[in-house]
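# Coordinates in review
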Amino acid sequence: MGILEKINDIENEIKRTQKNKATEYHLGLLKAKLAKYRVQLIEGSKTKSEKGEGFDVMKSGDARVVMIGFPSVGKSTLLSKLTPAESIAAAYEFTTLTCVPGKFTYKGATIQLLDLPGIIEGASQGKGRGRQVIAVARTADIVLMMLDATKPTKQRELLEAELEAVGIRLNQSFPNVSFKIKKAGGISFNATVKLHYLDAKMVHNILHDYKIFNADIVIREDITVDQFIDVILGNRRYINCIYCYNKIDQITMEELDRLAHQPDTVVVSCEQDLNMDFLVDTIWKKLNLMRVYTKRRGELPEFDDSLIVRNGATVEHVCHAIHRTLADSFRYALVWGTSTKHNPQRVGIHHQVHDEDVIQVVKK
């Protein structure tokens, strides 16, 4: 029996099994086996040399946004609207057959936008070159899930399930769990909160299924079995996602209002250029970027040329963005902006900067 058949058998058994207190251990072990087989399926595909053109595109700019969606939902049209790149758009499915990159600039940041071929149900198992498409999604800073507003909401659930199957977690954070494998001493399990989905017996059974017999586990939040398996595997990607509903010019106002009020959702019409500015602004906010301006001694700040850094960046990150050796010769910095108590303020290398701060670095 192949890996795909084993995965299908386990998925069918999970669907048949009623969820209650008596079956939770059985379901937990099934989920552990399912995750293990899915990892084997992905790793096995890497070792095989498959014919055809790959989707490897060099990462450039300050951030990468990857568009994922079923065929003919408007991905190519959106790429053509936001960037100078031209991606073939037509009224039939599978117009885009390879990865088409484009770039656009917003608030001084260069953002790379990738138009990937439409994926189909079963993409995580390799159908329709789905594995190659999803592999590119793992390199993204943000997933822009393109959805058709005229079609049922099941399309979103199917796409989320395909990404979930290959270890991509959308709009989630890494579980607050400490997990360390040791050489001896058995399994030490502690929880600082009350757990509703896990207990010591379940943890021991899952770890034994992964051939782990010595480990220290400290759980600091109420996590599920699936989240604990993610911690064990350690190869999951936690990526922010924007759900973009296209073709809003073809639905009623009531349906539009319902979609627009869903979390992490933007509604647009690529053909009619409706709400495109709000989409770009949402991408910027989700990327968690900010601008920092530099200033030379005795000169005005360079507002035309900003440095793009992540939120929470320190003066040290800014120094690395200017030049990789600047931090070694750093003495102090003068900062103007909302991160200081007065302007200018003399700060050290660990001072946290805010959006649109002005910084002047003084070397030794």
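Residues numbered from 1 in each chain as written. Predicted model: local features only at pLDDT ≥ 70, side-chain atom pairs only at ≥ 80, totals over all residues. Heavy atoms only, no water.

### Description of the confidence of the model for the protein
Detailed reading of the predicted coordinates is not advisable wherever pLDDT is low. This prediction gives the protein a mean pLDDT of 83; 87% of its residues lie at or above 70. Mean pLDDT across the secondary structure elements of the protein bottoms out at helix α2 (residues 24-47), with 70, and peaks at strand β10 (residues 265-267), with 94. Across residues 47-54 the pLDDT falls below 50, and counting only partners more than four positions away or on other chains, this stretch makes 9 contacts in the model. Note on residues 90-94: pLDDT under 50 across the span, and 7 contacts to partners over four residues away in sequence or across chains. (pLDDT = per-residue confidence, 0-100. Helix = DSSP H or I, 4+ residues; strand = E, 2+ residues; numbered from the N terminus. Contact = heavy atoms within 4.5 Å.)

### Examining the sheet that holds strand β8 (residues 215-219)
As summarised here, the arrangement of the 3 strands in space is β6-β8-β7, forming an open sheet in which the pairing is mixed. Of all strands in the sheet, those bounded by a partner on one side alone are β6 (177-181) and β7 (187-191). In this sheet, adjacent strand axes meet at a mean angle of 5 degrees when their direction is disregarded. Bridge analysis of β6 against β8 gives 5 bridges, and the strand direction is antiparallel. Of the residues in β8, the one forming a bridge with Ile181 is Ala215. Taken strand by strand, helix α6 (residues 200-209) contacts β6, β7 and β8, and its axis lies near 140 degrees from that of β7. (Pairing = 2+ DSSP bridges. Axes fitted to C-alpha atoms, helices over the stretch in contact; angles between N-to-C directions.)

### Thoughts on the pairing of strand β15 (residues 357-363)
Summarising burial for β15: 5 of the 7 residues are buried, a large majority. Here strand β11 (residues 289-294) runs beside β15; their pairing, made up of 3 bridges, is parallel. Looking at the pairing, Val292 lines up with Asp357 of β15. (Buried < 20%, exposed > 50% of the residue type's maximum accessible area, 1.4 Å probe, protein only.)

### Quick look at the pattern of salt bridges
A complete count under the given rule lists 16 salt bridges for this structure. When the shortest N-O distance is used, the salt bridge between Asp281 and Lys107 registers 4.0 Å. Here the residue Asp281 occupies a position in helix α9 (residues 276-287), and Lys107 occupies one in the loop between β2 (100-106) and β3 (109-115), the gap between them amounting to 174 residues. Of the residues examined, Asp281 reaches a relative accessible area of 15% and is grouped as buried. Across the salt bridge formed by Asp355 and Arg291, the nearest N and O atoms sit 3.4 Å from each other. Of this pair, Asp355 sits in the loop between β14 (345-347) and β15 while Arg291 is found in strand β11, placing the two residues 64 residues apart along the sequence. It is possible to trace a salt-bridge network through shared partners that takes in Glu164, Arg169, Asp230 and Arg236. (Salt bridge = Lys/Arg side-chain N within 4 Å of Asp/Glu carboxyl O.)

### Some words on the environment of Ile3
On the secondary structure map, Ile3 appears in helix α1 (residues 3-16). For the pair Ile3 and Arg38, spaced 35 residues apart in sequence, the C-alpha separation works out to 8.1 Å.

### Focus: α1
In a regular helix each residue adds 1.5 Å, so 14 residues correspond to 20 Å; α1 covers 20 Å between its end C-alpha atoms and thus fits that length. All of the buried residues along α1 are Ile7, Ile10 and Ile14. In an axial view of α1, the angular spread of the buried residues amounts to 70 degrees, which keeps them on one side of the axis. When the buried face of α1 is taken as reference, the exposed residues oriented beyond 90 degrees from it are Lys15 and Arg16. (Expected span 1.5 Å × (residues − 1). Arc of directions from axis to C-beta.)

### A word on the packing of aromatic side chains
With the rule as written, the count across this model stands at 3 aromatic pairs. When the centroid spacing of 5.6 Å and the interplanar angle of 75 degrees are considered together, the rings of Phe174 and Tyr238 count as edge-to-face. Here Phe174, found in the loop between β5 (168-170) and β6, pairs with Tyr238, found in strand β9 (residues 237-246); they are 64 residues apart in sequence, far enough to count as distant. Using a relative accessible area of 46% as the deciding quantity, one classes Phe174 as partly exposed. Here the basic side chain of Arg156 rests over the ring of Tyr243, its NZ or CZ set 3.6 Å away from the ring centre. (Phe/Tyr/Trp six-rings, centres within 6.5 Å; stacked < 30°, edge-to-face > 60°. Lys NZ or Arg CZ within 6 Å of the ring centre and 35° of its normal.)

### Here's the deal with helix α3 (residues 75-82)
Burial analysis of α3 places 6 of its 8 residues in the buried class, the great majority of the element. Residues of α3 that are buried include every one of Lys75, Ser76, Thr77, Leu78, Leu79 and Leu82, and no others. Among the structural elements, β1 (63-69), β2, β3, β4 (142-148) and α9 are those in contact with the buried residues of α3.

### Regarding the packing of α6 against helix α7 (residues 225-233)
α7 packs onto α6 with a crossing angle of 45 degrees between their chain directions and a minimal axis gap of 11 Å. Regarding the angle of α6 to α7, the classification is oblique. Judged by the sense of rotation from one axis to the other, the crossing of α6 with α7 is right-handed. Contact with α6, carried on its side by Met202, Val203, Ile206 and Leu207, involves Val225, Phe228, Ile229 and Ile232 of α7 and no other residues of that element. When grouped by side-chain class, the residues that make up the contact of α6 with α7 number 8 nonpolar, no polar and no charged. (Parallel < 35°, antiparallel > 145°, perpendicular 65-115°, else oblique. Left-handed = near helix turned anticlockwise from the far one by under 90°. Nonpolar A, V, L, I, M, F, W, Y, C, P; charged D, E, K, R; others polar.)

### Here's the deal with the pairing of β7
With 5 bridges joining them, β7 and β8 adopt parallel strand pairing. Looking across to β8, one finds that Ala191 is bridged to Ile219. The β-α-β motif built from β7, the intervening α6 and the parallel element β8 has left-handed crossover chirality. (Right-handed = clockwise from strand over helix to strand, strands pointing away.)

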